[in-house]
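Here's the letter readout for the chains.
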Amino acid sequence: MQFTSEQRLDDGVLEREFTLGEIPGILWTPASASTPAPLILLGHPPLGLRRMYPRLVARARHSAAEGIATATIELPGSGDRPRWPAIEQARAGLRRVMEAGEPVSDEIIDALVLPLVEKSVPEWRATLDALLSLPEIGGPVGYSGGVISIGIRLAVVEPRIVAAGFFAGSLVPAAMFEEARRVTIPLHVLLQWDDEGNDRQAALDLFDAFGSKEKTLQANTGGHTGVPQFAGDAAAQFFTRHLK
């Protein structure tokens, strides 16, 4: 891991950009911490770190106020990373059927999501190795948001992740439902009840599939971008409870 820039935000949070091989990322650490900080891995949709930065830094500042460090990485094929023709083709196929008002086939979902899971999960795990080698980061570790299938796979294969917060989405390959049954860590899932881009029933079925004994579904009225502030606060409290 190589740090490429550093700045102190106005609330004292230290923001450092880094690269891990070809993977760019950002690490935020609290202004002051007497012991190595717990860590949340911040997931995000494949829209590019620069576009997602305002939302990510807001989540990072919220966590830092609780003494928790956060980090994120650029997803394969997004942002400044090399283009990924297969994923771009799958995205184009998704746009075509959605614009036509047609149902999204399992084949399109698999082509769009499964390669991203296969490539990005090892990158997240390598990033976690590097982050936990830093003296200021000590764990435990949580995973928050982003592509829900990536979070499911990480929750299954990465024992260092002890809690996860997901944003419910419906573009989940059938194979991921089987993996969801193997998830046993505490979960906090946010669902926008009127999300025009998601199948509500599919989101409910996925929540039902999770094998965790402690799992919470918080559903709120409103569309995709209408998550109320108190719902975000509840998700933050979930991580404070499990990481602190």
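Since we're looking at a predicted model, the values are computed, not measured.

Take the packing of helix H3 (residues 106-132) against helix H4 (residues 148-157) next. For the pair H3 and H4, interaxial distance at closest approach is 9 Å and the crossing angle is 50°. The orientation of H3 relative to H4 falls into the category oblique. Handedness of the H3/H4 crossing: right-handed. Residues Val113, Leu116, Val117, Glu118, Ser120, Val121, Trp124 and Arg125 of H3 form the contact with H4, whose own contacting residues are Ser149, Ile150, Arg153, Leu154 and Val157.

Spatially, E1-E2-E3-E5-E4-E6-E7-E8-E9 is the arrangement adopted by the nine strands of the open sheet, whose pairing is mixed. Strands with a single pairing partner mark the edges of an open sheet, and in this sheet they are strand E1 (2-8) and strand E9 (215-220). Averaged over all pairs of adjacent strands, the angle between strand axes in this sheet comes to 20°, irrespective of strand direction. Here strand E7 (residues 161-167) pairs with strand E8 (residues 187-192) via four bridges, running parallel. Pairing of Phe166 across the sheet is with Val189, part of E8. Across the sheet, helix H6 (residues 200-209) lies against E8 and E9, angled at about 165° from E9, the strand it touches most. Across the face of the sheet, helix H7 (residues 229-243) comes into contact with strand E4 (37-43), strand E6 (137-145), E7, E8 and E9 while running at roughly 170° to E7.

Moving on, we get to the pairing of E8. Counting buried positions along E8 yields six of six residues, so the element is predominantly enclosed. Covered by surrounding structure in E8 are Leu187, Val189 and Leu191 together with His188, Leu190 and Gln192, the residues of both alternating faces. Running through helix H5 (residues 174-180), the crossover from E7 to the neighbouring parallel element E8 is right-handed. Where E8 meets E9, six bridges bridge the pair, whose relative direction is parallel. Residue pairing for E9: His188 is matched across the bridge by Thr216.

Here we come to the pattern of salt bridges. If you walk through the whole model with that rule in mind, you get 16 salt bridges. Put simply, Asp10 and Arg61 hold a salt bridge, and the shortest N to O gap is 2.8 Å. In this pair, Asp10 is assigned in the loop between E1 and strand E2 (14-20) and Arg61 in helix H1 (residues 49-64), connecting sequence segments 51 residues apart. The partner of Arg153 in a salt bridge is Glu179, and the shortest N-O contact between them spans 2.8 Å. Taken as a pair, Arg153 in helix H4 and Glu179 in helix H5 lie far apart in primary sequence, 26 residues in all. Accessibility expressed as a relative area gives 12% for Glu179, which makes it buried. One network of salt bridges, in which partners are shared, links Glu22, Arg81, Lys119 and Glu123.

Reading guide: rules and limits
Residues numbered from 1 in each chain as written. Predicted model: local features only at pLDDT ≥ 70, side-chain atom pairs only at ≥ 80, totals over all residues. Heavy atoms only, no water. Axes fitted to C-alpha atoms, helices over the stretch in contact; angles between N-to-C directions. Helix = DSSP H or I, 4+ residues; strand = E, 2+ residues; numbered from the N terminus. Parallel < 35°, antiparallel > 145°, perpendicular 65-115°, else oblique. Left-handed = near helix turned anticlockwise from the far one by under 90°. Contact = heavy atoms within 4.5 Å. Pairing = 2+ DSSP bridges. Buried < 20%, exposed > 50% of the residue type's maximum accessible area, 1.4 Å probe, protein only. Right-handed = clockwise from strand over helix to strand, strands pointing away. Salt bridge = Lys/Arg side-chain N within 4 Å of Asp/Glu carboxyl O.

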